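Observations on the model geometry
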There are 2 protein chains.
Amino acid sequence: MSAATRERIIEAGSALFRRQGYAGTGLKAIAAESGAPIGSIYHFFPGGKDALSDAVIRAAGRAYGALIPLFFDGAPDVTQATRNAFSGAAQTLRASGYADACPIAAVALEVASTNETLREATAAVFGHWVDLLAERYAAAGLDAEAAHDLAMAFVVNLEGAFMLARAQRDARIVERAGEMVAGAVQAALVSFQTRAA
Amino acid sequence: MSAATRERIIEAGSALFRRQGYAGTGLKAIAAESGAPIGSIYHFFPGGKDALSDAVIRAAGRAYGALIPLFFDGAPDVTQATRNAFSGAAQTLRASGYADACPIAAVALEVASTNETLREATAAVFGHWVDLLAERYAAAGLDAEAAHDLAMAFVVNLEGAFMLARAQRDARIVERAGEMVAGAVQAALVSFQTRAA
DNA sequence: GTCTATATCTCGATAGAC
DNA sequence: GTCTATCGAGATATAGAC
C-alpha cells in the first residue's frame, strides 16, 4: 500500500523531528523508523528532505489542530477547557519521559533564519492553531481582538512552557502556564460581562 | 592572546547556535566565524563540541542574566520593568531581521532528549534567569511563591513569544506577551496590597 | 513502487609540523 | 598556541535493478 508508506514516513519524521530537531534527524533515520527504504522517501517526496519536512510540519499542524475540539467540545466552559488542555499536555509530557511536546517547535526555531520555505510552513501551522483557538474564545462571547490575543497567549505559553519543562524535567511548569492562561481567559470573560451589563 | 581567542570562539558559537541550532552548526563554521582554526577549538575545548557547547550555553546564561539589572534598576516599578524588557527584546528581534532572540532556545529543544550534559546546562540557565527575576519581584513586595511563578511566566512567555514571532516575522507578538506578563505582575501586586491592608 | 548501491559532501575528531 | 591535512562516519541525493 503506497499511501500507508507515505503516511508512515511522515509519522516517523514527526516523531524524530520533535525529539531531535530538523538538522539532527537524517533521512536514513526516518527511513529506518518508518520501515521504508531511502528510495521510497524520494519516491513520495521528490523534493527531498525539504519536501518531506514541509509535509511533516503541515501534517503535525492538522493533527494537533484536531485535538482542540477534544478539549473544548466536552468542557463546561472555555476557561476549564484551557486548563484541561494544558493539564493534558503536561500528562503526555510526563508519560513520554519529557520527549513528546510540540512536534514542530524545535524545527521552527532551527528554520526561522535558515530555510524560508519551512519557516513559512511553521508560521502557517502556528497561525492555524491560533485561529482555531480564537474561534473558541469568540464563541464564548469575547470580541475578535480579545479572542485572538488569548489564543496567541495560549500557544505562546504552551510552547514556552514545553521548552522549560523539557529542559528542567518538570511538567508542573506546563500546568502553571495553563493556570495563567486560564486566569486571563476568565478575567476577559468577566470584563466582557461587566461591560455588557 | 589566548583568552581572546577562547572568547571569540564562544561568541561565534553563540551567534551561530541561536540562528541555526546545535546540530545545524558545525565546528568548521564556528572556526570560520571566529577567525580561529579548527585546532584552536580543540586546544581550548579538549572535550570537543560538547565541551564548547556547554561553555556557550553557560556564557549566554551569564550574559543575558546581566541584562536584567539594565531593565529593572532604572524602571519606576517592576511592572514597567517587565514591559520594557519585552519591548526591548521585540526591538532587538526586529533590528536583527528576526534572528537575534534567545541564544539557547533552539539548542535547549534539540538536546532535551538527546544530550543529558547539555540538557542540564540549559536547565541551569533557565533556572538562573528565573531566580534573578524572582528576586526582583520579591523585592517589590511579593511573597516567594508568587514571585517565582511570575518569574517563570516571564521566561515562558518570552521564549514562546520568540518562537512565534520568529516564525511569523511579527515582533508585536513579543510585545503582546509582555503586556500579559506585566498585567499578571500588576494584578499580583494589587492583590498583595489588598491582603496586607 | 520497492529496494540497494553508491557518488559526493560535510561532519566531529585527531596527528603532527611549526 | 597556531594551523593544516586527513581519517572514518554519516549526511543528502541519485542511478538503476527488480
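For the structure itself, consult the block above.
Right, let's walk through the structure included here. Once a new chain begins, its residue numbering starts again from 1 and follows that chain's sequence as written. Following the order in which they are written, the chains are lettered starting with A and the ligands numbered starting with 1. Predicted model: local features are reported for residues with pLDDT of at least 70 only, side-chain atom pairs are reported and counted for 80 or more only, and whole-chain, interface and lining totals are derived from all residues. Computation of side-chain values covers all heavy atoms of the structure but excludes hydrogens and water.

Some details on the packing of helix 9 (residues 144-168) of chain A against helix 8 (residues 116-139) of chain B
Spelled out, the test is: All axes here are fitted lines through C-alpha atoms, helices being fitted over the stretch that makes contact, and every angle between N-to-C directions spans 0 to 180 degrees. Strands here are runs of E lasting at least two residues and helices are runs of H or I lasting at least four, both read from the DSSP assignment and numbered beginning at the N terminus. Should an angle lie under 35 degrees it is considered roughly parallel, over 145 roughly antiparallel, and from 65 to 115 roughly perpendicular; all remaining angles are considered oblique. What makes a crossing left-handed is the near helix being turned counterclockwise from the far one by less than a right angle; a clockwise turn instead makes it right-handed. Note on definitions: a residue-residue contact is assigned when non-hydrogen atoms from the two residues lie within 4.5 Å. Charged means Asp, Glu, Lys or Arg here, nonpolar means Ala, Val, Leu, Ile, Met, Phe, Trp, Tyr, Cys or Pro, and polar covers whatever is left, Gly included.
For the pair helix 9 of chain A and helix 8 of chain B, interaxial distance at closest approach is 8 Å and the crossing angle is 120°. Regarding the angle of helix 9 of chain A to helix 8 of chain B, the classification is oblique. The element helix 9 of chain A and its partner helix 8 of chain B pack so that their crossing is left-handed. Of the residues in helix 8 of chain B, those touching helix 9 of chain A at Met163, Leu164, Arg166, Ala167 and Gln168 of chain A are Arg119, Thr122, Ala123, Phe126, Gly127 and Val130 of chain B. Its residues assigned to classes, the contact of helix 9 of chain A with helix 8 of chain B comprises 6 nonpolar, 3 polar and 2 charged.

Details of the interface of chain B and chain A
Convention followed: Two parts placed together each lose some accessible area; with a 1.4 Å probe, that loss summed over both constitutes the buried area. By definition here, a salt bridge exists when the distance from a side-chain nitrogen of Lys or Arg to a carboxyl oxygen of Asp or Glu is within 4 Å. Pairs of N or O atoms within 3.5 Å make up the polar contacts considered here, provided that, within protein, one atom can donate a hydrogen while the other can accept it, and that residues adjacent in sequence are counted only when both atoms are side-chain atoms.
Of the residues lining the interface, 42 residues belong to chain B; the matching set on chain A comes to 41 residues. Across the interface of chain B and chain A, roughly 3500 Å² is buried in total on both sides, 69% from carbon and sulfur atoms. Contact with chain A buries surface across chain B, with Leu109, Met163 and Met180 of chain B losing the most and accounting together for 19% of the total. The interface formed by chain B and chain A holds 2 salt bridges in total. A salt bridge links Arg176 of chain B to Asp149 of chain A; the nearest nitrogen and oxygen atoms lie 3.9 Å apart. Run the count over chain B and chain A and you get 13 residue pairs in polar contact (both at pLDDT 80 or more). Looking at the side of chain B that touches chain A, the element that brings in the most residues is helix 9 (residues 144-168) of chain B, giving 15 residues. Partitioned by chemical class, the residues of the side of chain B that touches chain A number 23 nonpolar, 10 polar and 9 charged.

Let's talk about the nonpolar core
Stated formally: Remark: nonpolar core denotes a set of buried residues (Ala, Val, Leu, Ile, Met, Phe, Trp, Tyr, Cys) joined through side-chain atoms within 4.5 Å. Burial classes: relative accessible area under 20% of the type maximum marks a residue as buried, over 50% as exposed, and values in between as partly exposed (1.4 Å probe, protein chains only).
Counting residues in hydrophobic clusters, the biggest one holds 147 residues, and the most contacted among them are Tyr137 and Val174 of chain A together with Tyr137 and Val174 of chain B. Every residue in contact with Val174 of chain B, bar those within four places of it in the chain, is listed here: Phe86, Ala89, Ala90, Leu93, Leu158, Ala161, Phe162 and Ala165 of chain B.

Considering the pattern of salt bridges
All names here are of chain A. Under the definition given, this model contains 18 salt bridges over all chains. A salt bridge links Asp54 to Arg58; the nearest nitrogen and oxygen atoms lie 2.9 Å apart. In this pair, Asp54 and Arg58 are both assigned in helix 4 (residues 49-65), 4 residues apart and thus about one turn of the helix distant.

Focus on the relation of the copies chain B and chain A
Under the convention used in this document: The fit set for superposing copies consists of C-alpha atoms from residues with pLDDT of at least 70 in both; the fit itself is least squares.
Least-squares fitting of chain B to chain A yields an RMSD of 0.0 Å, with the transformation described by 0.0 Å of translation along the axis and a rotation of 180°. In the structure described here, the two chain copies are related by an operation that fits a two-fold rotation axis. Residue Gly160 of chain B, judged by its C-alpha, is the member of chain B lying nearest the rotation axis, at 2.0 Å. Most of the interface of chain B is mirrored in chain A, where 98% of its interface residues are also at the interface.

Things to note about helix 4 (residues 49-65) of chain B
Selection criterion: Each helix should span, by expectation, one fewer than its residue count multiplied by 1.5 Å.
Helix length check: helix 4 of chain B (17 residues) gives 24 Å between terminal C-alpha atoms against 24 Å at 1.5 Å per residue, within 8%. For helix 4 of chain B, every residue scored as buried is listed here: Leu52, Ser53, Asp54, Ala55, Val56, Ile57, Ala60, Gly61 and Gly65 of chain B.

Some thoughts on the packing of aromatic side chains
All names here are of chain A. To be explicit about the condition: Between rings of Phe, Tyr and Trp, where Trp is taken as its six-membered ring, a pair exists when centres lie within 6.5 Å; planes separated by under 30 degrees are stacked, by over 60 edge-to-face, and by other angles tilted.
With the rule as written, the count across this model stands at 10 aromatic pairs over all chains. With a centroid separation of 6.0 Å and an interplanar angle of 55°, the aromatic rings of Phe17 and Tyr22 are classed as tilted. For the residue pair Phe17 and Tyr22, the accessibility class agrees, reading buried in each case. Their ring planes at 75° and their centres at 5.9 Å tell us that Phe126 and Trp129 sit as a pair that is edge-to-face. In this pair, Phe126 and Trp129 are both assigned in helix 8 (residues 116-139), 3 residues apart and thus about one turn of the helix distant. When its relative accessible area of 8% is taken as the criterion, Trp129 is described as buried.

Such coordinate-based values are descriptive only and should not be taken to indicate function.
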